[in-house]
Amino acid sequence: MAQTFNAPLPIPTSVTGTVFNLNVDEATKQFKPGNITNTYGVNGNYLGPTLFVNAGDFITLNVTNNLTESTTMHWHGMHVPAEDDGGPHSLIGVGDTWSPDFMVKNKASMYWYHPHKMGLTNYQVSMGIAGIIIVNDAEESALNLPRTYGVDDIPLVIQTKSFDVNNQIQISSQMDDTSMVNGEITPYANAPAQMVRFRALNGSSSRTLNIGTDDNRTLYQISSDGGLLENPVPVTRILLSNGERAEFLVDLTSETVGSTFKFTSYMSEMPSNIEGGSGSAGHPNTLFGTNWDFMEVRVVAQTASPVTALPGTMTTLTTHLEGDASVTRPMELTNNGKINGVSMDMNVINEVIELGDTEIWTINNITSIAHPFHIHDVQFFILDRDDGGGAVPPSATEAGLKDTVLVEAGETVRVIAKFEDYADPVIPYMYHCHNLIHEDNGMMGQFTVVDSTMGLPKLLEESVRVYPNPTFDYVHINNFNENPIKRVSLYDISGKQIKTYSNNFNRLDVRHLDSGLYFLKIETKKGELTKKLLKS
Ligand code: C2O
Ligand code: CU
Ligand code: CU
């Protein structure tokens, strides 16, 4: 397709520190000539800031929902407690602020945040809520890699989208005919004549990308979803499904200033079971089956102290041993958007995992199309892929830490992960197809990580949540289904009973209370417990 690359690539604002304020709001953006487009954005009119965090830091994220509908915010790829993970259960009401906090335990790599509202993830992401998280750590910082953000370290949030005749974002499965990077349609990026790092995220709803350049130059992939690869891996294509990330270096050291090349998605070379792949040229959707350029790179003058060489060995990957796995869990991807024959039900915990266990998940795709499978909480290693012709170990670019893996039609992919650090008998993590259309249609399941060495009092304590706390107006008591609440009584600091609630525990009105400390006596099926409540 002939395209023009007239607009500079926008670089999302970078924010550093340990407290991040994310305001989700409605906005508008001029994507195309003609009508302005209604969007959602985070601290801006489309997408959100890039959050730079350091491994080992304890961070707080204050997410304020200024939309007219509820939302959630999920830290994709980050290893965090279930209650901070921002899955479908952690709704942020209209006007509310949700403030998860956790220690950054991931390795240096690129992660991302996006909403995860049941049935509405595709809509809210497509409208523009998504942003990058870059984790730094000592190992990566010690390497001579480009890391001047926006200069020789360029983030690429690649998305495809469709607009209706009035230039409004359309949520439809097949008609995304417009590509954009960082919210700009076919932009150009300046890149200095040296080693340049690109950090690519496929933030599209359902389209897998097959990234290369129009001149088939070598891309040196240095990182997968959750960390560095052992060595830079020279490739000419990077297959990137929804939610996956890849960092790669491009060697521009001997380029002349003013020369250009383009990034292309080579759809014609993609297997036909991947939506829009080979054999689908001629489809009414112009992005199907044909190769399309999504960004131009213009070479500019070298910067001061450029990186001019590839790094040597970057890390040592220590994969989990198959022999250490105590559980093998089948994950069969079946037709009609199901996993193991069932659709997502917020009230059903599909899998229960013991804290500290190493597990092998056997993801077996018996449908006729490819699905990007994503697991929350952990980073995993791919053990092998089997397309029917026998199990083969992952390629060098897939040998690193992953949180999302494309499982092709008829293929079985075995992954291995260790479920460490965080147990929660109530709040589940998700696993799902990251094709957002499939996810919203129910191709998702829930797992809890439990610590069975926990005694009944602790279990009881953990099985009931009171939030927000402190609160000004309402308090929500969350317990899920296994341990129903029978009655809640409110006591003041002197022990005087003020009120008894026998229903609607998920939204108790405390607006009438004076500010101060109270106690909630919560009677549940498995026993009774007391929680402090601070009224502000
Ligand atoms: Cu990127 Cu369950 O999410
Ligand atoms: Cu995720
Ligand atoms: Cu799918």
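These figures come from a predicted structure and were not determined experimentally.

Would you explain the overall build of the protein chain in this entry?
What the protein chain contains, in helices and strands, is four helices and 42 strands. Computed over the C-alpha atoms, the radius of gyration of the protein chain is 24 Å, within 12% of the 24 Å expected from 2.2 N^0.38 for a compact globule of 536 residues. Scored against the burial criterion, the 536 residues of the protein chain give a buried share of 57%. Long-range pairs, those at least 24 residues apart, make up 75% of the contacts in the protein chain between residues at least 6 apart in sequence. On the protein chain, roughly 20,200 Å² of surface is accessible, and the fraction owed to carbon and sulfur atoms is 49%.

What's the story with the coordination of the copper ion (ligand 2) in this structure? I'm lost.
Octahedral six-donor coordination of a metal ideally yields angles of 90 or 180 degrees, compared with 109.5 degrees for tetrahedral four-donor coordination. Summarising the metal site, the copper ion (ligand 2) is bound by the protein donors His74 (NE2) and His374 (NE2), whose distances to it range over 1.9 Å. One end of the pair, His74, is in strand 7 (residues 74–76); the other, His374, is in strand 29 (residues 371–375), with 300 residues separating them in the sequence. Judged by its relative accessible area of 1%, His74 falls in the buried class.

For this particular structure, what's the right way to read the layout of surface pockets?
Over the atoms rolls a probe the size of a water molecule, and in doing so it shows where empty space is left. By volume, the largest pocket amounts to about 1,100 Å³. No other element matches strand 37 (residues 474–478), which puts four residues into the lining of the largest pocket. For the lining of the largest pocket, a count of residues per class yields 15 nonpolar, 14 polar and seven charged.

What's the story with empty space enclosed by the protein in this structure? I'm lost.
One pass over the structure, following the stated rule, counts three cavities of 30 Å³ or more. Approximately 140 Å³ is the volume attributed to the largest cavity. Asn122, Ser126, Thr160, Lys161 and Ser205 are, among the 17 residues lining the largest cavity, the residues nearest its centre. If you list the elements that add at least two residues to the lining of the largest cavity, you get helix 1 (121–127) and strand 12 (153–163). No other element matches the four residues that strand 12 contributes to the lining of the largest cavity. Across the lining of the largest cavity, the residue classes break down as three nonpolar, 12 polar and two charged.

For this particular structure, what's the right way to read the sheet that holds strand 10 (residues 109–114)?
The strands making up a sheet associate through hydrogen bonds between their backbones, and the pairing can be parallel or antiparallel. Read from one edge of the open sheet, five strands run 2-5-11-10-7, paired in mixed fashion. Only two strands of the sheet have a single neighbouring strand rather than two, namely strand 2 (14–15) and strand 7. Of the pairings in the sheet, the one linking strand 2 to strand 5 (residues 50–54) comprises two bridges and is parallel in character. Residue pairing for strand 5: Ser14 is matched across the bridge by Thr50.

How should I be thinking about the coordination of the copper ion (ligand 3) in this particular structure?
Here the copper ion (ligand 3) is held by the protein donor atoms His371 (ND1), Cys433 (SG) and His438 (ND1), which lie 2.0 to 2.1 Å from it. Counting residues between consecutive donors of the copper ion (ligand 3) along the chain gives the motif H-x61-C-x4-H. Exposure remark for Cys433: the relative accessible area of 2% places this residue in the buried category. In this structure His438 comes out as buried when scored by relative accessible area, which is 15%.

Help me out: how do you make sense of the domain arrangement of the protein chain in this one?
Accessible area lost on assembly of the parts is the figure often given for the size of an interface. Assigned domains of the protein chain: these are domain 1 (7–300), domain 2 (322–450) and domain 3 (456–535). In this structure, domain 2 and domain 3 have C-alpha centres spaced 36 Å apart.

Quick question: what am I supposed to make of the side chain of His76 here?
Summarising the element assignment, His76 is placed in strand 7. According to the relative accessible area criterion, His76 is buried, its value standing at 0%. At 3.3 Å, the side chain of His76 and the side chain of Thr404 are in polar contact. A polar contact is formed between the side chain of His76 and the side chain of His434, at a distance of 3.2 Å.

Help me understand the packing of aromatic side chains in this model?
To describe a pair of aromatic rings, one takes the distance between the centres and the angle between the planes. Throughout the structure, instances matching the rule amount to 20 aromatic pairs. Summarising the aromatic geometry, the rings of Trp361 and Phe447 are spaced 5.7 Å apart at their centres and angled 85° between planes, so their arrangement reads as edge-to-face. Note that Trp361 is positioned in strand 28 (residues 358–365) and Phe447 in strand 35 (residues 444–450), a separation of 86 residues in sequence. For the pair formed by Trp361 and Phe447, the shared burial category is buried. Put simply, the rings of Phe198, Phe248, Phe261, Phe263, Trp292 and Phe294 pair up and form one aromatic cluster. In this structure, Lys29 is placed above the aromatic ring of Phe31, and the distance from its NZ or CZ to the ring centre is 5.2 Å.

What should I look at first to understand the sheet that holds strand 40 (residues 508–509) in this one?
With antiparallel pairing, the three strands of this open sheet are ordered in space as 36-37-40. Both outer strands of the open sheet, strand 36 (465–467) and strand 40, are each paired with one neighbouring strand and no more. Sheet topology note: the strand 37/strand 40 ladder contains two bridges and is antiparallel. When the bridges of strand 40 are listed, Val475 appears paired with Leu508.

When you look at the pairing of strand 23 (residues 260–265) in this model, what are you seeing that I'm missing?
The side chains of a regular strand alternate, first on one face of the sheet and then on the other. Most of strand 23 is tucked away, with five of its six residues classed as buried. Examined bridge by bridge, strand 23 and strand 24 (residues 292–300) share six bridges and lie antiparallel to one another. Across the sheet, residue Ser265 finds its bridge partner in strand 24, namely Trp292.

Can you walk me through the pattern of salt bridges in this structure?
Opposite charge on two side chains lets them pair, provided their charged atoms get close. Summed over the entire model, instances satisfying the criterion amount to 25 salt bridges. A salt bridge links Arg245 to Asp225; the shortest N-O distance between them is 3.8 Å. One end of the pair, Arg245, is in strand 22 (residues 245–251); the other, Asp225, is in the loop between strand 19 (219–224) and strand 20 (227–235), and 20 residues separate them in sequence. For the residue pair Arg245 and Asp225, the accessibility class agrees, reading buried in each case. As a salt-bridge pair, Glu296 and Arg298 come within 2.9 Å of each other at their nearest N and O atoms. Salt bridges linked by common partners bring Glu140, Arg147, Asp153, Arg197, Arg199 and Glu247 together as one network.

Help me out: how do you make sense of the pairing of strand 6 (residues 58–65) in this one?
With six of its eight residues buried, strand 6 lies for the most part within the structure. Pairing of strand 3 (residues 19–29) with strand 6 involves six bridges; the strand directions are parallel. Opposite Asn23, over in strand 6, you have Thr64 as the bridge partner. Note that strand 6 and strand 9 (residues 101–103) share three bridges and pair antiparallel. Bridge pairing in strand 9 links Thr60 to Asp101. As paired strands, strand 6 and strand 8 (residues 97–98) are joined by two bridges and run antiparallel to one another. Directly across from Thr64, in strand 8, lies its bridge partner Thr97.

Rules behind the numbers
Residues numbered from 1 in each chain as written. Chains lettered and ligands numbered in written order. Predicted model: local features only at pLDDT ≥ 70, side-chain atom pairs only at ≥ 80, totals over all residues. Heavy atoms only, no water. Helix = DSSP H or I, 4+ residues; strand = E, 2+ residues; numbered from the N terminus. Rg over C-alpha atoms; globule rule 2.2 N^0.38 Å. Buried < 20%, exposed > 50% of the residue type's maximum accessible area, 1.4 Å probe, protein only. Contact = heavy atoms within 4.5 Å. Areas by Shrake-Rupley, 256 points an atom, 1.4 Å probe, with all protein chains shown as cover. Donors = N, O, S within 2.8 Å, 3.2 Å for Na, K, Ca; no water. 1 Å grid on protein atoms, 1.4 Å probe; cavity = no way out; pocket = protein on both sides within 12 Å on 5 of 7 lines; lining within 4 Å. Points joined across faces, edges and corners; volume = space filled by probe spheres on them. Nonpolar A, V, L, I, M, F, W, Y, C, P; charged D, E, K, R; others polar. Pairing = 2+ DSSP bridges. Domains from an automatic or database assignment. Polar contact = N/O pair within 3.5 Å; in protein donor to acceptor, adjacent residues only side chain to side chain. Phe/Tyr/Trp six-rings, centres within 6.5 Å; stacked < 30°, edge-to-face > 60°. Lys NZ or Arg CZ within 6 Å of the ring centre and 35° of its normal. Salt bridge = Lys/Arg side-chain N within 4 Å of Asp/Glu carboxyl O.

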